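# Coordinates in review
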Amino acid sequence: MLNIIIFGAPGSGKGTQSDKIIENYRLFHISTGDVLRDNIRRGTDLGKTAKGYIDQGQLVPDELIIDILAQVLDENKDKATEGVIFDGFPRTIPQAEALERLLADRGTHIDAVVGLEVPEDELIQRIVLRGQESGRADDNAETARKRLEVYHNQTSPLKAYYEEQGKYRAIQGVGEIDDIFETIKSTLDSL
Ligand code: AMP
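Numbers given for residues are sequential positions, taken from 1 along each chain in its written order. Where totals are concerned, whole chains, interfaces and linings use all residues; where local detail is concerned, this predicted model gives features only for residues with pLDDT of at least 70, and gives and counts side-chain atom pairs only at 80 or more. Processing note: side-chain calculations cover all non-hydrogen atoms of the structure and skip hydrogens and water entirely.

### A few points about the site of the ligand
By convention in these notes, a residue is near a molecule or strand provided one of its non-hydrogen atoms lies within 4 Å of it. In the vicinity of the ligand lie 16 residues, with T32, R37, Q58, G88 and R91 positioned nearest. For this analysis, a polar contact is any N or O atom pair within 3.5 Å, provided that within protein one partner can donate a hydrogen and the other can accept it, and provided that sequence-adjacent residues contribute only side-chain to side-chain pairs. Here Q58 contributes a backbone N or O atom positioned 2.6 Å from an oxygen atom of the ligand. Put simply, the grid is 1 Å and covers the protein atoms alone, a cavity is a trapped set of points that fit a 1.4 Å probe, a pocket is an open set with protein on both sides within 12 Å along at least five of seven lines, and lining residues have an atom within 4 Å of a point. Whether a molecule sits in a cavity or pocket is decided by its atoms, more than half of which must lie within 2 Å of the grid points. Under a 2 Å grid-point criterion requiring more than half of the atoms, the pocket assigned to the ligand is the largest pocket. Considering each element in turn, the shell around the ligand owes the most residues, four residues, to helix α2 (residues 32-42). Each helix is a run of H or I in the DSSP string that is no shorter than four residues. Each strand is a run of E no shorter than two, and both are numbered from the N terminus.

And the structure:
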């Protein structure tokens, strides 16, 4: 069993690298952003609440997202036998603490945090390009800047949090997608 967090700023390539990790390690993918976007598409109450935050580039409140995560974990126990890759969660220290408790209650833990490190100007360019290609509503220059600010204020402290636990693995997130993945692979294989 391998439980990992793919960590990094918006636009750092978490989704792209998650796809490759899942294929290679047969992990179950939990992307809280995908769960929220799916709820928005289906017009659920959760989707309606989440949309306001997402469109502003703000984080959805911790209590809400932690409940959602617990639910997704429990609904997919059978699919997660090889482990889970958490993508876009945790994004705050309280979320990380909640994740630790949720996993401990289920007899497991996080093995490693794969941190994709990408310079700021490259992040904005990537996000805006993704918005043009996919039409994702929160991928525009203005929201991108807000999301990066939120990342620096609320999410980046998690790097030190996981470094203290000896779980953080820094990965250079610039270059060819396959080369980045090879670095991730050798990191995970040496755990
Ligand atoms: P993502 O697809 O991971 O970039 O997430 C898109 C948006 O969904 C974020 O900008 C937040 O508004 C919201 N979101 C996703 N995951 C979380 C989380 N763990 N905590 C709070 N908000 C989240």
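### Digging into the pairing of strand β1 (residues 4-8)
In this scheme, a residue with accessible area under 20% of its type's maximum is buried, one over 50% is exposed, and one in between is partly exposed, where area comes from a 1.4 Å probe on protein chains only. Buried residues dominate β1, accounting for five of its five residues. For two strands to be treated as a pair, DSSP must find at least two bridges joining them. Pairing of β1 with strand β3 (residues 84-87), which is carried by three bridges, proceeds in the parallel orientation. By the bridge assignment for β3, I5 is matched with F86. As judged from the five bridges shared by β1 and strand β4 (residues 112-117), these two strands associate in the parallel manner. Across the sheet, F7 pairs through a bridge with G115, a residue of β4.

### A short note on the pattern of salt bridges
A carboxyl oxygen of Asp or Glu within 4 Å of a side-chain nitrogen of Lys or Arg is what we treat as a salt bridge. Within the structure shown, the criterion is met by 13 salt bridges. Between D38 and R42 there is a salt bridge, with the nearest N and O atoms lying 3.1 Å from each other. In this pair, D38 and R42 are both assigned in helix α2, four residues apart and thus about one turn of the helix distant. The partner of D138 in a salt bridge is R147, and the shortest N-O contact between them spans 3.8 Å. Accessibility assignment for this pair places D138 and R147 in one class, buried. Overlapping salt bridges bring together R130, R136, D138, D139 and R147 as one network.

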